[in-house]
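Residue-level listing of the chains:
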Amino acid sequence: MIDNIPDFIPYTFLVLLSIGIGVYIFKDTVRFALKSQKTPGRIVNWMSATEKGKKYFYPVIEYTPQGSETIRVRTEDRCEKEPIYAVGSAVTVKYDPANFKTIRVEYPKKTS
């Protein structure tokens, strides 16, 4: 009975299973990419932390979502040794309209 199954059926099943697992794992990322909105923001401060003997700096971003009040949030983005951008640097904030604190920040291009 198993010998009568065409060869493409198990491969098709594996491909569909892989796609299903990928969609499940990355559903939040895909949803954010499709639903997020952009707004201008700026770096208003840098917070520092020392972890395992290394000093890290985290930017504090201020932005105003459409139809809401101004929000300040410390991002998970970080740099070592010293801040990369000056306080007041303009950034673009992509935020989730359902949760304004879920953001991705687009920083200015660094020219050297």
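Scroll up to find the structure.
Residues numbered from 1 in each chain as written. Predicted model: local features only at pLDDT ≥ 70, side-chain atom pairs only at ≥ 80, totals over all residues. Heavy atoms only, no water.

> Describe a nonpolar patch on the surface, naming the residues involved and giving the relevant values.
Where nonpolar side chains cluster on the molecular surface, the patch consists of Tyr11, Phe13, Leu14, Leu17, Ile21, Tyr24, Ile25, Phe26, Val30 and Leu34 and spans about 1100 Å² of accessible area. Every element with two or more residues in the nonpolar patch is listed here: helix H1 (8-25) and helix H2 (27-35). When residues in the nonpolar patch are grouped by element, the largest group, 7 residues, is from H1. Under the relative-accessibility criterion, Val30 is labelled partly exposed at 46%. (Patch = residues over 30% accessible without salt bridge, like charges linked within 9 Å, V, L, I, M, F, W, Y side chains within 5 Å. Areas by Shrake-Rupley, 256 points an atom, 1.4 Å probe, with all protein chains shown as cover. Salt bridge = Lys/Arg side-chain N within 4 Å of Asp/Glu carboxyl O. Helix = DSSP H or I, 4+ residues; strand = E, 2+ residues; numbered from the N terminus. Buried < 20%, exposed > 50% of the residue type's maximum accessible area, 1.4 Å probe, protein only.)

> Break down the side chain of Glu62 for me, with residues and values.
Looking at the element boundaries, Glu62 is found in strand E2 (residues 54-63). Beyond its immediate sequence surroundings of up to four residues, Glu62 is in contact with Gly41, Arg42, Val44, Thr70, Ile71 and Arg72. (Contact = heavy atoms within 4.5 Å.)

> Describe the packing of aromatic side chains, listing the residues and the values that go with them.
The description of two aromatic rings rests on the distance between their centres and on the angle between their planes. Under the criterion given, the structure shown has 3 aromatic pairs. Seen in terms of ring centroids, Tyr85 and Tyr107 are 5.6 Å apart; in terms of plane orientation they differ by 0°. Their pairing is stacked. Taken together, the positions of Tyr85 in the loop between strand E4 (79-80) and strand E5 (90-96) and Tyr107 in the segment after strand E6 (99-106) put the pair 22 residues apart, joining distant regions of the chain. The partly exposed category is assigned to Tyr107, whose relative accessible area is 24%. (Phe/Tyr/Trp six-rings, centres within 6.5 Å; stacked < 30°, edge-to-face > 60°.)

> Quick rundown of the pairing of E5? Include the residues and the values.
Taken together, the 6 bridges between strand E1 (residues 37-51) and E5 define a ladder with antiparallel strand orientation. The residue of E5 that forms the bridge with Lys38 is Lys94. Connecting E5 to the antiparallel partner E6 that follows it, the hairpin turn spans 2 residues. (Pairing = 2+ DSSP bridges.)

> Give me the lowdown on the environment of Arg74, citing residues and values where you can.
The residue Arg74 is located in strand E3 (residues 71-74) in this model. Those residues in contact with Arg74 that sit more than four places away from it in its chain are Met47, Tyr58, Pro59 and Val60. Among the polar contacts listed, one links the side chain of Arg74 to the side chain of Glu76, at a separation of 3.1 Å. (Polar contact = N/O pair within 3.5 Å; in protein donor to acceptor, adjacent residues only side chain to side chain.)

These values are about where atoms sit, not about what they do.
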